[in-house]
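The chain contents come next:
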Amino acid sequence: MADTASPRPLVAVSRGDLPGTAVAGLAAAAEVRSWPTDTPPTADELAALVASASGLLALGTDRIDAALLDAAGPQLRVVALASMGYDAVDLEAVAARGVVATHTPSVLAETTADLAFALILMARRRLRVAAETLHAGAWRTFRMGDLLGMDVHGARLGLLGFGQIGQAVARRARGFAMDVVHVDPARPDGGGLSRAVSMDELVATSDVVSVHVPLTPGTRGLVGRDFLAAMKPTATLVNTARGGVVDEDALLEALAAGTIHSAGLDVMEREPRSDPADRLFAESRLVVLPHVGSATEATRAAMVDLAARNVAEVLAGRPAPTPVPGTPAVPGTGSGLVAGATS
Ligand code: DGY
């Protein structure tokens, strides 16, 4: 008798050796084609990997555009990111093809908030310079005037964006007796953790401004010259969201001119950055980290597991657990973000 069982769908995975167990679990119901290493594939290599796939599990840094979706073919049903941010996804192209796009909210908010707080402490207390001084063998004696920073406790924290990560930072700020304010048109209620204020008030009165907005055309370059000029000269800027929200040239100018006290960045306009002569690394009042906000063993595994669950659910004909906000949880054209969009 002929075998009438439907062929197993193909799932492409854009990196090898991802943490967690769920990618291996996908093999129970699908054929899994993984990129062999943890070095990113080029656009052409990713296109070849995804050809004929019904699902793609990718990272937030993988560019998901019309060309890639077309290389996959019309059977593609889901693109699942192991990432909260989805700024590298062309959502119009995804919607036009009836593909479900998913991301990983919730699982990384607390871990990223921990990192935001680490940057606040590092920048305000000048911990980068303090550690460098010691490691360079340059600490000779205790002096009352050495390595003085700014207090964190009791300071005002201004959150640009009050989503999951902003709220998690606000919870930590309570333990530091900070006065927390936020700007987020979608969330006027601070739930007892924070008070909504105008952008002008937040910028002019905060001792720490922490960025928690996604990168969109509306937020690109939001923290630019005017914004930095309006901050207190004793204030600190921290960005754990996306590099493009902060104008790096304007930030370096502000730090050099003393317009603000200090800054901490976990994200940069261009990533990765490896030139030791990069002027971003030379500014002593700026602490820069290599995009490690969600980098704990448990959280990175949880991100991959949730992405794999999104793939598995959609391929099984069920709604995706965590679609990108404002986009459909089930495949099919006509229900997309931008009805009738072309790309
Ligand atoms: C995220 O989840 O958006 C992090 O930046 C990792 O991509």
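The preceding data block contains the structure.
Calculation criteria
- Residues numbered from 1 in each chain as written.
- Predicted model: local features only at pLDDT ≥ 70, side-chain atom pairs only at ≥ 80, totals over all residues.
- Heavy atoms only, no water.
- Helix = DSSP H or I, 4+ residues; strand = E, 2+ residues; numbered from the N terminus.
- Rg over C-alpha atoms; globule rule 2.2 N^0.38 Å.
- Buried < 20%, exposed > 50% of the residue type's maximum accessible area, 1.4 Å probe, protein only.
- Contact = heavy atoms within 4.5 Å.
- Areas by Shrake-Rupley, 256 points an atom, 1.4 Å probe, with all protein chains shown as cover.
- Lys, Arg positive; Asp, Glu negative; His and termini not counted.
- Charge placed at Lys NZ, Arg CZ, Asp CG, Glu CD.
- Near = heavy atom within 4 Å.
- Polar contact = N/O pair within 3.5 Å; in protein donor to acceptor, adjacent residues only side chain to side chain.
- Pairing = 2+ DSSP bridges.
- Right-handed = clockwise from strand over helix to strand, strands pointing away.

Caption draft 1: The arrangement of the overall build of the chain in detail. Scanning the chain from terminus to terminus reveals twelve helices and twelve strands. Taking 20 Å as the expected radius of gyration for a compact globule of 343 residues, we find that the chain reaches 22 Å, a close match to that expectation. The proportion of buried residues among the 343 residues of the chain is 48%. Restricting the contact set of the chain to residue pairs at least 6 apart, pairs at least 24 apart contribute 61%. When the accessible area of the chain is evaluated, it comes to approximately 16,000 Å², of which 56% is carbon and sulfur surface. The positive charge centre, built from 29 side chains, and the negative charge centre, built from 37, are 5 Å apart in the chain.

Caption draft 2: Highlighting the site of the ligand. In the vicinity of the ligand, the residues found are S83, M84, G85, L108, R242, H291 and M303. M84 places a polar main-chain atom, nitrogen or oxygen, 2.6 Å from an oxygen atom of the ligand. Between the ligand and G85, the relevant distance is 2.8 Å, taken from an oxygen atom to a main-chain nitrogen or oxygen of the residue. The protein chains hide 83% of the 230 Å² of surface that the ligand would expose on its own.

Caption draft 3: How the structure looks around the pairing of strand β11 (residues 262–265). What you see with β11 is no split at all: S262 and G264 on one side and A263 and L265 on the other are buried throughout. For strand β10 (residues 236–239) and β11, the ladder comprises four bridges, and the chain directions are parallel. Within β11, the position partnered with L237 by the bridge is A263. At this point the chain moves from β10, through helix α10 (residues 248–257), to the parallel β11, and the crossover so formed is right-handed. In the sheet, β11 pairs with strand β12 (residues 286–288) via three bridges, with the strands oriented parallel. Bridging from a neighbouring strand, A263 pairs with L286 of β12.

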